[in-house]
Amino acid sequence: MADNAWPRSPRTSDEGAELSDSGQSSENGVIHLEIGGETAEEKEKRLAWALRKKPLTSKDRALRLEAHKTHVIALLASARIRNRWCNNMLLKARLLSLLPHPLQSAFNIPPSRFPDRAQRSRLFFDALQSLATWWSQSFFDVSDDTLGLRTRPWDEVQGIVDALPRLTRREILGTSFGSRGDSLDELEKLSTNSGGERLRSPNSLMKKVLQQEGSRDVMAQLFVALARACGLGARLVTSLQAIPWRAEKQSTPKKKKGAGRNGQSLASRQGNGPASDNEDDEEDDMEEVPIPSHTEDSDGGKAPRNNTKKATIRQAGRRRHIDPADVYRLRAPKPPPQTPSTPTAARKRPELLSNQPPVFWCEIYSRSDQRWIPVDPVRGTIRKKSHFEPVSDNGSVRMLYVVAYEEGESRRDVVSNTPDGHARDVTLRYTKNFGAKTSKLRVPLRKDEEDWWSEITAFLQRPNRLQRDELEDAELETSQFSEGMPLHLNGFKDHPIYVLERHLKREEVITPKREIGRFKGEPVYRRSNVVSCKTAENWMRLGRRVKNKEEPLKWVKQRAVTLQKRRMQELALQERGEAVQQGLYAQWQTDVYIPPPIHNGEIPQNSFGNIDLYAPTMLPAGAVHLPYKGIAKVAKALTISYAEACTGFEFKKQRAIPVITGIVVAKENERIVLDAYWESAAAAESRERVKKEERALKRWVKLINGLRVRARLQEEYGGSGQVGTADSAFR
DNA sequence: CTGGACTACGATCCTTTGAGGCAA
DNA sequence: GTTGCCTCTTTGGATCGTAGTCCA
């Protein structure tokens, strides 16, 4: 308002001289008025408010959700393909040939030789730990810590998408292959520039085996292949790094770097002096896999041996790095040079992942324990399920969906290449606060809709459940219940297990109201004791009626949306001085409404002159529903008792409009009414056809007359000159 | 100084049965 | 006289997500 220039009044310009006396005028008779004084501070505040980052619109949110879902599915598919690659016979054979024999034979723990189950279990863990240690410290190196899947913020992905050349529909469909290839190349360049990695076939994995180095993702995948080669039940586990759909808290630019690193890294490196600005350079020097600190304590007596081994390995690693004869070193995965054609300033080195928990890992089935054992092939740890969840919720690696792919049901599956690799959602095993935190980052549940994620996982699950599936389900469920109560108020919101009364929805009631704990003095209840209630009218809309003598579980203020309702409410407020309340009932307080049967073919009508038919069960016995448009007129002409069927409501302009779907008549009248209806419908149709024909004939007459006029004109006045088009002849 | 709680604001969902006038 | 169509009218409140502010 303040900056706008307003003509003070509709005076003409020759009065401008008079205006200039007011002191604020400009030459052309327009003066500037400031309405409502505003200090500079206020103005600044107002502008900042206008320029603030607006909350997402519903359209944005829907778009993000779709992008998130699509990405999740793509990642699932990708992981499934990698999982299948891990079954590749040649790959497994090659890995097995490189494995020192004692490491493999350590898994040979037959119950015949070791009758004690606990002992078998111990031996198995030892063997597994040795394998993981050998793998992570002797055999395989992470060559480039910037390579690997990770979560990217929405804006970053948007930037990448914006930098892509725009594809036309035809290009996407592949008719012009050349330009499509170019675009794919460009896409690949962009993705590798930001830490992506492209493997085309199991052969690519094979190459990494020979190189004995690769990204940490590949490292985990190859370990799965190795474990399968050893005959172990091995799952490829992955934490899907899908693009987040929620609006991110915008981080202040200067802080971004520090915030990106999570606390784990700083903790493990504390004592190295204050984190300086050249932190990145320091980390570039750390070519080795971070040595897990817990190896020693979990491994007791073996520790010294491991240490010496580690030392030699490190030397070997370094030797390899400087060996000029090493062909593979020459092709070290280095970020390609930046192309000047894409001037995105945001294109910088992708963040190191060495401080982040892995995205791919492994689960090995322990027969003696009948449990899946988490193995981290990158850090060389086993049985550390809590080490996979990142500390930060908005870092480069997040944990929302953790999916475990199995090898396949049987060897036959693998050989015959039938769809293998059933998968299970094992997120509960790895998250500490699933209910309070993780579940809220997923695709939100929608009312009256199946949960999207459970629909997706249903596709992946083994159709015939095995005993170990049941056992695992029980384990995961226990872990969810042992998760404990949230520590913060927000955690209780939409928590799958706990509720506070203050977070109840309007129509929700806790019953039975059994307190299971306290949060800051507030009683905590079970989510499973929350029931959703409805008013008696709403139950009727579903074809249910509140049973006799049932008392409402809850009283709430009545809602008034239509004008009529609101007026009634105001009236009541004035008369009695209190708002109209309405009672809510739970489903178990209702039963299916069965209307009284009809007598003598008479269809009862309600006060609106129709019959309520919100559900098929609301049709009275002895009556039929004839859902045809215009049938009421027929029944009326026949003077047969009927009622229009109200099957629902349309709501517009604060007015509820009943949806009428045909009529209800007595069963004995059905034949008569239907016959008459078909007859009248046929008559109406033929009338319509006659009308249509007449219209068509009229048009033909008009056209032919027009043409005749045109021909005559041409004949009389024509010759070589332009007489005009047929169009003009009609004017 | 950090992070949880609270608050403001906008979007979205819930709601659930006209009357009068005019022309065909 | 009946029927169908058009127009008029008025615009809440709970709840949720987001982002900023406040305070322990």
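Residues numbered from 1 in each chain as written. Chains lettered and ligands numbered in written order. Predicted model: local features only at pLDDT ≥ 70, side-chain atom pairs only at ≥ 80, totals over all residues. Heavy atoms only, no water.

Colleague: How should the protein's contact with DNA strand C be read in this particular structure?
Modeller: Taken together, the neighbourhood of DNA strand C is formed by 16 residues, with Arg61, Arg246, Lys505, Arg506 and Arg655 sitting nearest. The sugar and phosphate moieties of DNA strand C supply 85% of its atoms located within 4 Å of the protein. Contacts to DNA strand C include Lys505, whose side-chain N or O atom sits 3.1 Å from a phosphate oxygen. Arg506 has a polar backbone atom sitting 2.9 Å from a phosphate oxygen of DNA strand C. Its residues placed into classes, the surface near DNA strand C shows two nonpolar, two polar and 12 charged. (Near = heavy atom within 4 Å. Polar contact = N/O pair within 3.5 Å; in protein donor to acceptor, adjacent residues only side chain to side chain. Nonpolar A, V, L, I, M, F, W, Y, C, P; charged D, E, K, R; others polar.)

Colleague: Looking at this structure, I do not really get empty space enclosed by the protein. What am I missing?
Modeller: In this approach the atoms are scanned with a rolling probe the size of a water molecule, which exposes any empty space left behind. The full count for this structure, using the stated rule, is three cavities of 30 Å³ or more. When its volume is computed, the largest cavity comes out at roughly 60 Å³. What lines the largest cavity is Glu389, Pro390, Ser392, Asp393, Arg398, Met399, Lys437, Thr438 and Leu441. Grouping the constituent residues of the lining of the largest cavity by class yields three nonpolar, two polar and four charged. (1 Å grid on protein atoms, 1.4 Å probe; cavity = no way out; pocket = protein on both sides within 12 Å on 5 of 7 lines; lining within 4 Å. Points joined across faces, edges and corners; volume = space filled by probe spheres on them.)

Colleague: Got a minute to help me understand the sheet that holds strand S14 (residues 522–526) in this structure?
Modeller: Two pairing modes exist for strands in a sheet, parallel and antiparallel, and in both the strands are linked by backbone hydrogen bonds. Pairing in this open sheet of three strands is antiparallel, and the strands run S11-S14-S13 from one edge to the other. Both outer strands of the open sheet, strand S11 (498–500) and strand S13 (517–519), are each paired with one neighbouring strand and no more. Taken over all neighbouring pairs, the strand axes of this sheet differ in orientation by 45 degrees on average, direction set aside. One ladder, built from three bridges, connects S13 with S14; its direction is antiparallel. Following the sheet pairing, Phe519 is matched in S14 by Glu522. (Pairing = 2+ DSSP bridges. Helix = DSSP H or I, 4+ residues; strand = E, 2+ residues; numbered from the N terminus. Axes fitted to C-alpha atoms, helices over the stretch in contact; angles between N-to-C directions.)

Colleague: I would appreciate a short explanation of the environment of Thr146 in the present structure.
Modeller: Note on placement: Thr146 falls in the loop between strand S3 (141–142) and helix H7 (154–163). On a C-alpha basis, the gap between Thr146 and Ser215 in space is 8.2 Å, while along the polypeptide they are 69 residues apart. Among the polar contacts listed, one links the side chain of Thr146 to the side chain of Asp144, at a separation of 2.6 Å.

Colleague: Whenever I open this one, the packing of aromatic side chains confuses me. Can you help?
Modeller: We describe a pair of aromatic rings using the distance from one ring centre to the other and the angle between the two ring planes. For the structure shown, the criterion picks out 20 aromatic pairs. Seen from their ring centres, Trp361 and Tyr430 are 5.0 Å apart, and the 80 degrees between their planes marks the pair as edge-to-face. Of this pair, Trp361 sits in strand S6 (residues 360–366) while Tyr430 is found in helix H19 (residues 427–430), placing the two residues 69 residues apart along the sequence. An angle of 20 degrees between the planes, with centres 5.6 Å apart, marks the rings of Tyr628 and Tyr677 as stacked. One end of the pair, Tyr628, is in the loop between strand S22 (623–626) and helix H26 (631–637); the other, Tyr677, is in helix H27 (residues 670–717), with 49 residues separating them in the sequence. Classification of Tyr628 as partly exposed rests on a relative accessible area of 30%. Relative accessible area serves as the criterion here: at 11%, Tyr677 is assigned to the buried category. Cluster of aromatic residues (ring-pair linked, three or more members): Trp134, Trp135, Phe139, Phe140 and Phe223. (Phe/Tyr/Trp six-rings, centres within 6.5 Å; stacked < 30°, edge-to-face > 60°. Buried < 20%, exposed > 50% of the residue type's maximum accessible area, 1.4 Å probe, protein only.)

Colleague: Please explain the nonpolar core as it appears in this structure.
Modeller: Nonpolar side chains in soluble globular proteins generally cluster together in the buried interior. By size, the foremost hydrophobic cluster in this structure holds 65 residues, and its most contacted members are Leu76, Leu95, Leu128, Trp135, Leu222, Ile364 and Trp453. Excluding anything up to four places from it in sequence, Trp453 contacts Val72, Leu76, Leu240, Tyr401, Val403, Asp425 and Arg442. (Core = buried A, V, L, I, M, F, W, Y, C linked by side-chain atoms within 4.5 Å. Contact = heavy atoms within 4.5 Å.)

Colleague: Can you help me understand helix H22 (residues 467–481) in this one?
Modeller: Helical geometry note: an α-helix holds 3.6 residues per turn, so side chains three or four residues apart project in the same direction. Taking 1.5 Å per residue as the helical rise, H22 with its 15 residues ought to reach 21 Å, and the 21 Å between its terminal C-alpha atoms agrees with that figure. When H22 is considered as a whole, its buried residues turn out to be Asp469, Glu472, Leu476, Ser479 and Gln480. Looking straight down H22, one finds that the buried residues subtend no more than 100 degrees of arc, so they occupy a single side. Away from the buried face of H22 by more than 90 degrees, exposed residues Gln467 and Thr478 are located. Looking at the buried positions of H22, the neighbouring elements they touch are strand S5 (234–239), S6, strand S7 (371–376), strand S10 (423–425), H19 and helix H20 (434–441). (Expected span 1.5 Å × (residues − 1). Arc of directions from axis to C-beta.)

Colleague: What exactly am I supposed to notice about the state of the cysteines here?
Modeller: In a disulfide, the sulfur atoms of two cysteines are held together by a covalent bond. Under the criterion given, the structure shown has zero disulfides. Its sulfur unpaired, Cys362 is 8.9 Å from the next cysteine sulfur, which belongs to Cys86. (Disulfide = S-S within 2.5 Å.)

Colleague: Just checking my understanding: could you explain helix H11 (residues 216–229) for this structure?
Modeller: Under the 1.5 Å per step criterion, the end-to-end length of H11 is 20 Å for 14 residues, consistent within 8% with the ideal 20 Å. Burial of H11 is extensive: 14 of the 14 residues sit out of reach of the surface. Looking at the residues trailing H11, positive phi occurs at Gly231, about 85 degrees.

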